[in-house]
Amino acid sequence: MLIGCPKEIKPQEFRVGMTPAAAMEAITAGHKVIIETGAGAGAGYTDDDYRAVGAGIVDTAAEIFATAEMVVKVKEPQAVERKQLREGQLLFTYLHLAPDPEQTRDLLDSGVTAIAYETVTDRNGGLPLLAPMSEVAGRLAPQVGAWTLQKANGGRGVLMGGVPGVLPAKVVVIGGGVVGTHAARIAAGMGADVTVLDRSLPRMRYLDDAFGGTFKTAFSSAATTAKLVAEADMVIGAVLIPGAAAPKLVSRAQLATMKPGAVLVDVAIDQGGCFETSRPTTHADPIYEVDGIMHYCVANMPGAVARTSTQALGNATLPFMMALANKGWRVACSEDEHLLNGLNVHKGHVTYAAVGAALNLPVMAAREALRI
Ligand SMILES: NC(=O)c1ccc[n+]([C@@H]2O[C@H](COP(=O)([O-])OP(=O)(O)OC[C@H]3O[C@@H](n4cnc5c(N)ncnc54)[C@H](O)[C@@H]3O)[C@@H](O)[C@H]2O)c1
């Protein structure tokens, strides 16, 4: 198969869909790989890194869209890219179609077959191509929160780990899923006094078994949340209710109960945020203050560590990409229901129920789409 990887063109996106290591695996298996010049630069990969493993470097994305049988990317195709997609071509990338009618319409019009990273599943009911980015965002949250806590950045001037004779920072993590667990581990590793709030008792039992002693858990009732938030130096928002906007768990009125210069890091901002005063920010201007409380609400946190994020995403996508290349998408999807769950669009049909429901479009069952 001819696999192509264009440079990402969405603003502030530095990741790349294929690492040189992924290209090498594909080439070793007998496939051809073409990469747009400069595609890996944001993640620290040069054209020569790709040439060294046998990939071809092309000057324009247009050459990739015109020739590649499978296009591997990171972000959803932008309007100019969507115009170049065509029937018979396979697109493997994040899509997030449900809130994006324009993109959905363009993909349907193009006739392309599109497999969305975010809806591929695993046998534990997880989302294996979303999890690595949650891991990255979770581990990054205490790091950016610690920076925001510094005086010059508007914070309380508190050091995460304290020093001998001085208490460490108090960190509260709301939501003990993938983001929350990784955030709690790193905050505890920095020496902070960490409590994770969740509403799932099985999840808290697991966290207590696995990390008891490293951080504490508490049930996320409104009363407990209010008490812990008032005492915290840093609150990390990491809740998710699948398919719904994030619940608002800290109100504006509660900011007045907090210590001046305390920090809110709202990782759940991509689902609307779990603090009432959260609004999306960018890496160029990540923090702002409301009522004396500092907010960090960057919606694409993994972009800050594009190299780590590229490698983490590449590790997760590689087995699926190889199955698609080795077997063709029809056989690969018919043999693997979890990969089939990723099929969102084929030959002008929406094939993912939640996308159809969100956009009021008819849906063809993915299994049926395998036959046309
Ligand atoms: N900003 C970014 O760059 C970025 C990157 C990755 C993920 N995220 C977002 O981070 C959020 C968390 O993702 P995840 O992968 O950890 O999800 P997850 O499903 O693994 O975990 C969510 C947790 O929230 C808990 N929860 C639900 N309601 C709660 C409540 N009221 N109080 C306390 N806990 C509650 C659930 O029990 C679950 O344990 C999502 O909104 C995700 O989109 C953002």
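The structure under discussion appears in the preceding block.
All figures in this text were calculated on a predicted structure; none of them were measured in a lab.

(A) Here's a closer look at the sheet that holds strand S15 (residues 349-350). Strand order in this open sheet of eight strands is S3-S2-S1-S4-S5-S6-S14-S15, and the pairing throughout is mixed. Looking at which strands have only one partner, the edges of the open sheet turn out to be strand S3 (56-58) and S15. Inspection of the sheet shows strand S1 (residues 2-5) paired to strand S4 (residues 70-72) by two bridges, in the parallel sense. Note that in S4 the partner of Gly-4 across the bridge is Val-71.

(B) Quick peek at the side chain of Thr-277. With respect to the secondary-structure elements, Thr-277 resides in the loop between strand S11 (263-266) and strand S12 (287-290). Exposure remark for Thr-277: the relative accessible area of 12% places this residue in the buried category. Once residues within four sequence positions are removed from consideration, Thr-277 is found in contact with Arg-252, Leu-255, Leu-264, Tyr-288, Val-290 and His-295.

(C) A look at the state of the cysteines. Counted according to the given criterion, the structure contains zero disulfides. Free of any disulfide, Cys-297 has its nearest neighbouring cysteine sulfur in Cys-274, separated by 9.1 Å. Cys-5 supplies the cysteine sulfur nearest to Cys-333, a cysteine that is in no disulfide, at a spacing of 20 Å.

(D) Seen up close, the sheet that holds strand S9 (residues 216-219). Read across the open sheet, the seven strands follow the order S9-S8-S7-S10-S11-S13-S12; overall the sheet is mixed. The sheet is open, and its two edges are formed by S9 and S12, each paired on a single side. Averaged over neighbouring strand pairs, the angle between their axes works out to 20° when direction is ignored. Together, strand S7 (170-174), strand S8 (193-198), S9 and strand S10 (234-237) form the strand contacts of helix H9 (residues 222-231), whose direction differs from that of S8 by roughly 155°.

(E) Fine view of the packing of helix H6 (residues 131-148) against helix H7 (residues 178-189). At their nearest, the axes of H6 and H7 sit 7 Å apart, and the two run at 35° to each other. As for the relative orientation of H6 and H7, their crossing is right-handed in sense. Listed contacts from H7 to Ala-131, Ser-134, Glu-135, Gly-138, Arg-139, Ala-141 and Pro-142 of H6 are Val-178, Val-179, His-182, Ala-183, Arg-185, Ile-186 and Ala-187. Its residues assigned to classes, the contact of H6 with H7 comprises eight nonpolar, three polar and three charged.

(F) Molecular detail of the pairing of strand S5 (residues 90-93). On S5, burial covers both faces: Leu-90 and Phe-92 on one face and Leu-91 and Thr-93 on the other are all buried. Sheet topology note: the S4/S5 ladder contains three bridges and is parallel. Bridging across to S5, Val-72 finds its partner in Phe-92. Where S5 and strand S6 (residues 113-116) come together, four bridges link them in parallel fashion. When the bridges of S6 are listed, Leu-91 appears paired with Ala-114.

(G) The arrangement of helix H11 (residues 306-327) in detail. The end-to-end C-alpha separation of H11 is 30 Å, in line with the 32 Å expected for 22 residues at 1.5 Å each. Of all the bends in H11, the greatest, near 45°, is centred on Thr-317, and the proline Pro-319 appears no more than four residues after it. Gly-328, located one to two residues past H11, shows a positive phi value of around 85°.

(H) Representation of the pairing of S1. Burial along S1 is two-sided: Leu-2 and Gly-4 facing one way and Ile-3 and Cys-5 facing the other are all buried. The sheet contact formed by S1 and strand S2 (residues 32-36) spans four bridges and is parallel. The partner of Ile-3 across the bridge, within S2, is Val-33. Tracing the backbone out of S1, into helix H1 (residues 20-28) and back to the parallel element S2 gives a crossover that is right-handed.

(I) Spotlight on the site of the ligand. Lining the immediate environment of the ligand, one finds 28 residues, of which Ser-134, Val-179, Asp-198, Asp-270 and Met-301 sit closest. The separation between a nitrogen atom of the ligand and a polar main-chain atom of Val-267 is 3.0 Å. Between the ligand and Asp-270, the relevant distance is 2.7 Å, taken from an oxygen atom to a side-chain nitrogen or oxygen of the residue. Relative to its free-state accessible area of 870 Å², the ligand is covered by the protein chains to the extent of 84%. Residue assignment for the shell around the ligand shows that the elements contributing at least two residues are H6, H7 and S8. Per element, the largest residue contribution to the shell around the ligand is three residues, and it comes from H6.

Conventions and cut-offs
Positions within a chain are numbered from 1, following the residues in the order the chain's sequence is written. Local features in this predicted model are restricted to residues of pLDDT 70 or higher, and side-chain atom pairs are both shown and tallied only at a pLDDT of 80 or more, whereas totals for entire chains, interfaces and linings draw on every residue. Each side-chain value is worked out from all heavy atoms of the structure, with water and hydrogens disregarded. Here, any two strands with at least 2 DSSP bridges between them count as paired. Strands are runs of DSSP state E lasting at least 2 residues, helices are runs of H or I lasting at least 4, and numbering of each runs from the N terminus. To sort residues, take the accessible area from a 1.4 Å probe on protein chains only and compare it with the maximum for the residue type: under 20% means buried, over 50% means exposed, and anything in between is partly exposed. We call two residues in contact whenever any of their non-hydrogen atoms come within 4.5 Å of each other. Disulfide assignment relies on a single distance test, namely cysteine sulfur atoms paired within 2.5 Å. Here, axes are lines fitted to C-alpha atoms. For helices the fit covers the stretch in contact, and angles between N-to-C directions go from 0 to 180 degrees. It is the rotation of the near helix from the far one that decides the hand of a crossing: anticlockwise by less than a right angle makes it left-handed, clockwise makes it right-handed. For this classification, Asp, Glu, Lys and Arg are treated as charged, while Ala, Val, Leu, Ile, Met, Phe, Trp, Tyr, Cys and Pro are nonpolar and the rest, including Gly, are polar. Here the expected span of a helix is defined as 1.5 Å times the quantity of residues minus one. Working definition for bend: take the seven residues up to and ending at a residue and the seven starting at it, fit an axis to each, and measure the angle between the axes. The handedness rule is simple: strands pointing away from the viewer, and a clockwise path from the first strand over the helix to the second, make the crossover right-handed. Neighbouring residues are identified by heavy atoms, a residue being near a molecule or strand if any of them is within 4 Å of it. Identification of polar contacts relies on pairs of N or O atoms within 3.5 Å, with a donor-acceptor requirement for protein atoms, meaning one able to donate a hydrogen and the other able to accept it, and with residues adjacent in sequence counted only if both atoms are side-chain atoms. Computed by Shrake-Rupley with a 1.4 Å probe, the accessible areas treat only the displayed protein chains as cover when residues are assessed.

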